[in-house]
Amino acid sequence: MITVRDLHKTFGDNKVLCAVNYHIHPGEKIVVVGPSGSGKSTFLRCLNLLERPTSGEILFDGQVITDPKADINKVRAQMGMVFQHFNLFNNLTIMQNITLAPTKLKLMGEEEAKENALKLLTRVGLVEKADAYPSSLSGGQKQRIAIVRSLAMNPKVMLFDEPTSALDPEMVGEVLEVMKELAESGMTMVVVTHEMGFAREVGTKVVFMDGGNIVEENTPVEFFANPQSPRLQEFLSKVL
Amino acid sequence: MEWLNSVWMKIEAAFITKDRWMLYLKGLGITMEVAIFAALIGIVIGTVAAFMKLSVTRKGKPSILAKIANIYIDVIRGTPSVLQLLIMWFVVMKNCHNGILVASLTFGINSGAYVAEIVRAGILAVDKGQTEAGRSLGLNQFQTMVYIVIPQAFKNVLPPLCNEFIVLIKETAIVGYVGMSDLTRVANQMTSTIYEAFTPLIGAAVIYFIIIKLLTILLGLLERRLRKSDNR
Ligand SMILES: Nc1ncnc2c1ncn2[C@@H]1O[C@H](COP(=O)(O)OP(=O)(O)O)[C@@H](O)[C@H]1O
Ligand SMILES: [Mg+2]
């Protein structure tokens, strides 16, 4: 579904990603872990071109999206992204947050988008918040809405950048629960997180990034039971 | 008693004899007219200049438009407004004898340079995450601006824009240089009519002060309203 070839990204002289290669198959749940500053966010943000790769190729459904002629907006409409800080639109109600993109991009009519939003809100247990503004919600509620907002576009893949890192501990569970359900529904997911339990339980592959590279990749069981590289062993000894 | 009487006579001469207060009122009218037109022109020019200044090339460098806007802002901020007014009146628009028009344009162009910075700052103050979320959903840059960033920036810029209008009211006091009878010039001319400077000048100052104080109070109320609606 997504192929990354020889991806490089530099900020000034700072080489953040160095020759990253990876392939994501439909239905996979890739969990990306690694120390802070290792380039996880940058990698994720390159996948939907929020960051422009310095060099290398990214293919999405067979299309070379790093080609300057590719229609980025069309590509992004098919990839959901959930941010650490939720980034709900502060000037819009929850309902408007969810229906804005589908209606403005003419994927759905006003009525259809609203119906769809209500269905999704029911799924995450937040229908009664439809007319509220983001500032009146808790962090956990905001993040569940952010997930719904992305899902309203019927994306082919969902990218998560530390979706629970900005949450109070008691709210982490409700967000992970929604992500778990999403995974069970067959969604292709790439999740950057520090939640090792989630990686173990939901991931089909776990990827360890360090120093701008994918250092190791394995099934969750092998990843945690038999880490190969010393750097991963050291990382796991710290976080587990 | 004697003293009070002489004060009253001065006030009478400066404001009441021959309905002179009408002159101040007319002067105030011209002051406000120029300030209002200039503010409107300034908002239009300043908003355009702000977006020019924010525009970048594909590689993320400032665009040609941004450079043009920068030159405009630099020139306006780097020269005295009296000179800008004289240049407009005697050079650029020397065939136009409509003082209000020339003055409004001059101050509008002048104010635009400051409004540009206000609008630019207001847009940059909107969290980058808002834009990223919009773009990640597939909205283009224009749609993200119109539906998400600008509505939030509007709240940021409203108070400083009102403040800019208040500043303009005082700034226009130099239109006397090109022969317009605004409040300041009326007071100034009155000093030579009645051979007494204190009363008409202080009188004009009091009028400016009251108007500006009133507007400042209104601005304070507006700011409080906006802050309240922040956590709606
Ligand atoms: N927009 C940016 N401009 C400059 N440097 C950046 C930018 N974004 C990230 N970096 C740098 O890239 C490195 C990797 O960052 P990031 O991808 O956020 O790591 P992680 O998500 O693994 O913590 C860091 O050194 C960070 O300072
Ligand atoms: Mg990160």
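Preceding this paragraph is the structure being described.
Residues numbered from 1 in each chain as written. Chains lettered and ligands numbered in written order. Predicted model: local features only at pLDDT ≥ 70, side-chain atom pairs only at ≥ 80, totals over all residues. Heavy atoms only, no water.

Digging into the overall build of chain A
Within chain A, the regular secondary structure consists of nine helices and 10 strands. Taken over C-alpha atoms, the radius of gyration comes to 18 Å for chain A, in line with the 18 Å a tight globule of 240 residues would show. On the principal axes, the C-alpha backbone points of chain A span a range of 55 × 45 × 30 Å. The contacts in chain A between residues at least 6 apart in sequence include a share of 65% that link residues at least 24 apart. Here chain A has roughly 10,200 Å² of accessible surface; of this, 48% comes from carbon and sulfur atoms. (Helix = DSSP H or I, 4+ residues; strand = E, 2+ residues; numbered from the N terminus. Rg over C-alpha atoms; globule rule 2.2 N^0.38 Å. Contact = heavy atoms within 4.5 Å. Areas by Shrake-Rupley, 256 points an atom, 1.4 Å probe, with all protein chains shown as cover.)

A look at a nonpolar patch on the surface
Residue and element names in this part refer to chain B. Taken together, the side chains of Phe198, Ile202, Val206, Phe209, Ile210 and Leu214 make up a nonpolar region of the molecular surface, amounting to roughly 630 Å² of accessible area. Note on placement: Phe209 falls in helix α9 (residues 198-230). The class of Phe209 is exposed, set by a relative accessible area of 54%. (Patch = residues over 30% accessible without salt bridge, like charges linked within 9 Å, V, L, I, M, F, W, Y side chains within 5 Å. Salt bridge = Lys/Arg side-chain N within 4 Å of Asp/Glu carboxyl O. Buried < 20%, exposed > 50% of the residue type's maximum accessible area, 1.4 Å probe, protein only.)

Here we look at the interface of chain B and chain A
Taken together, the contact pairs 21 residues of chain B with 25 residues of chain A. Summing both partners gives a buried area of about 2,000 Å² for chain B against chain A, and 53% of it is carried by carbon and sulfur. Our enumeration of links across chain B and chain A arrives at one salt bridge. Between A:Arg45 and B:Glu132 there is a salt bridge whose closest N-O contact spans 2.7 Å. The tally of links between chain B and chain A comes to eight residue pairs in polar contact (both at pLDDT 80 or more). Going through the elements one at a time, α6 (128-136) and α7 (141-171) of chain B are the ones with two or more residues in the side of chain B that touches chain A. Residues of the side of chain B that touches chain A, tallied by class, amount to six nonpolar, nine polar and six charged. (Buried area = accessible area lost by both parts, 1.4 Å probe. Polar contact = N/O pair within 3.5 Å; in protein donor to acceptor, adjacent residues only side chain to side chain. Nonpolar A, V, L, I, M, F, W, Y, C, P; charged D, E, K, R; others polar.)

Side note on helix α6 (residues 169-184) of chain A
Over its 16 residues, α6(A) runs 24 Å from end to end, which matches the ideal 22 Å to within 8%, given 1.5 Å per residue. Looking one or two places after α6(A), you find A:Gly186, whose phi comes out positive at around 100°. (Expected span 1.5 Å × (residues − 1).)

Points about unusual backbone geometry
Residues and elements named next belong to chain A. Although it is not a glycine, Ala19 adopts a positive phi angle of roughly 55°. Take Ala19: it is sitting in strand β2 (residues 14-24). A positive phi angle, near 65°, is found at Phe86, a position not held by glycine.

Side note on the site of ligand 1
Residues and elements named next belong to chain A. Around ligand 1, the surrounding shell consists of Phe11, Asn14, Val16, Pro35, Ser36, Gly37, Ser38, Gly39, Lys40, Ser41 and Thr42. With respect to ligand 1, the backbone of Gly37 contributes an N or O atom lying 2.7 Å from an oxygen atom. One of the side-chain N or O atoms of Thr42 is found 2.5 Å from an oxygen atom in ligand 1. For ligand 1, the protein covers 60% of the area, taking 560 Å² as the surface of the free molecule. (Near = heavy atom within 4 Å.)

These figures capture arrangement, not role.
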